[in-house]
Amino acid sequence: MINSILGSAGGYAFNLHPDITTLGTAYLDLLEAYQWKTITILYQDNDSMMTIQQILKKTATVGPMDEFRLVVKQLVLNENGYRDVLKEIFLSESKLIVLECEKKILEEVLIQCQQVGLISQGYFFFLTSLDAHTINLDDFKYGGTNITSFRMINVDKPEVQNVIYSIVESMLDQELRIANINIPTGNLDTTTALIYDSVHAFALALHELSAVQQVRQRPLDCSGQSAWVHGNSLVNYIKVSTE
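Residues numbered from 1 in each chain as written. Predicted model: local features only at pLDDT ≥ 70, side-chain atom pairs only at ≥ 80, totals over all residues. Heavy atoms only, no water.

Asks: When you look at the pattern of salt bridges in this model, what are you seeing that I'm missing?
Replies: Pairing of side chains with opposite charge becomes possible as their charged atoms draw close. In this structure the tally under the stated criterion is five salt bridges. Of the charged contacts in the structure, one is a salt bridge between Lys157 and Glu159, with a shortest N-O distance of 3.3 Å. (Salt bridge = Lys/Arg side-chain N within 4 Å of Asp/Glu carboxyl O.)

Structure, rendered in structure tokens:
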């Protein structure tokens, strides 16, 4: 499903990824559904602040008698890793933690949370990364911590499993492809899934267009004023195929 159409001039750019406001609103809805009141937000950098903006805006509507409170701390990396700021949270006895960081450091941050005592009974984590499902969380299952996250991909659907299988298979060296090889199932990250969906939507739209029109190709100058004659029709078919 197309989340938004970018730009003007007829809207020829499509965005399949949820926009930052929609994501932030979904995060806030979850916190309100869980009735979280006093929350510590751990963020990675300035880009992270955009992701949690809707949660931060919540404080502007909080009255003096309301219980909703936020503590915001940045994940500062030093010679001790992220442990210094994590120890501050542990000593503050804050139990409700929103962790906003990139997938590439997420597992390491969680490991260090475990080392300082934050992954234990009574703690609740909300991971904002849409790729949290690709992280191995087995080491954190037995500490009594509740870990929640969103994902856009239903890995239980057969078509998704087929895509994961084909991607992993294509990455294997030709020499390793023997009859009894066990190809791992892997995990499909959000970016890869959206790229796949984008290409699939384009191919499907082009196939549908080709069924009703004779699609012709000709060289075009990217800096010129000429446009592909089938462009508008293809855009309309993409819109239909992704609704």
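The rest of the description comes next.
Asks: What should I look at first to understand the packing of aromatic side chains in this one?
Replies: Geometry of an aromatic ring pair is reported as the spacing of the ring centres plus the angle between the planes. Summed over the entire model, instances satisfying the criterion amount to four aromatic pairs. Aromatic pair Tyr27 and Phe126: ring centres 5.3 Å apart, planes at 70 degrees, arrangement edge-to-face. Of the two residues, Tyr27 is situated in helix H1 (residues 20-33) and Phe126 in strand S6 (residues 124-127); the sequence distance between them amounts to 99 residues. On the accessibility criterion, Tyr27 (1% relative accessible area) is buried. Phe126 sits in the buried class, given a relative accessible area of 0%. Judged by centre distance (5.8 Å) and plane angle (20 degrees), the rings of Tyr27 and Phe150 are stacked. Residue Tyr27 is found in helix H1, and its partner Phe150 is found in the loop between strand S7 (146-149) and helix H6 (158-171); the two are separated by 123 residues along the sequence. Of the residues examined, Phe150 reaches a relative accessible area of 26% and is grouped as partly exposed. (Phe/Tyr/Trp six-rings, centres within 6.5 Å; stacked < 30°, edge-to-face > 60°. Helix = DSSP H or I, 4+ residues; strand = E, 2+ residues; numbered from the N terminus. Buried < 20%, exposed > 50% of the residue type's maximum accessible area, 1.4 Å probe, protein only.)

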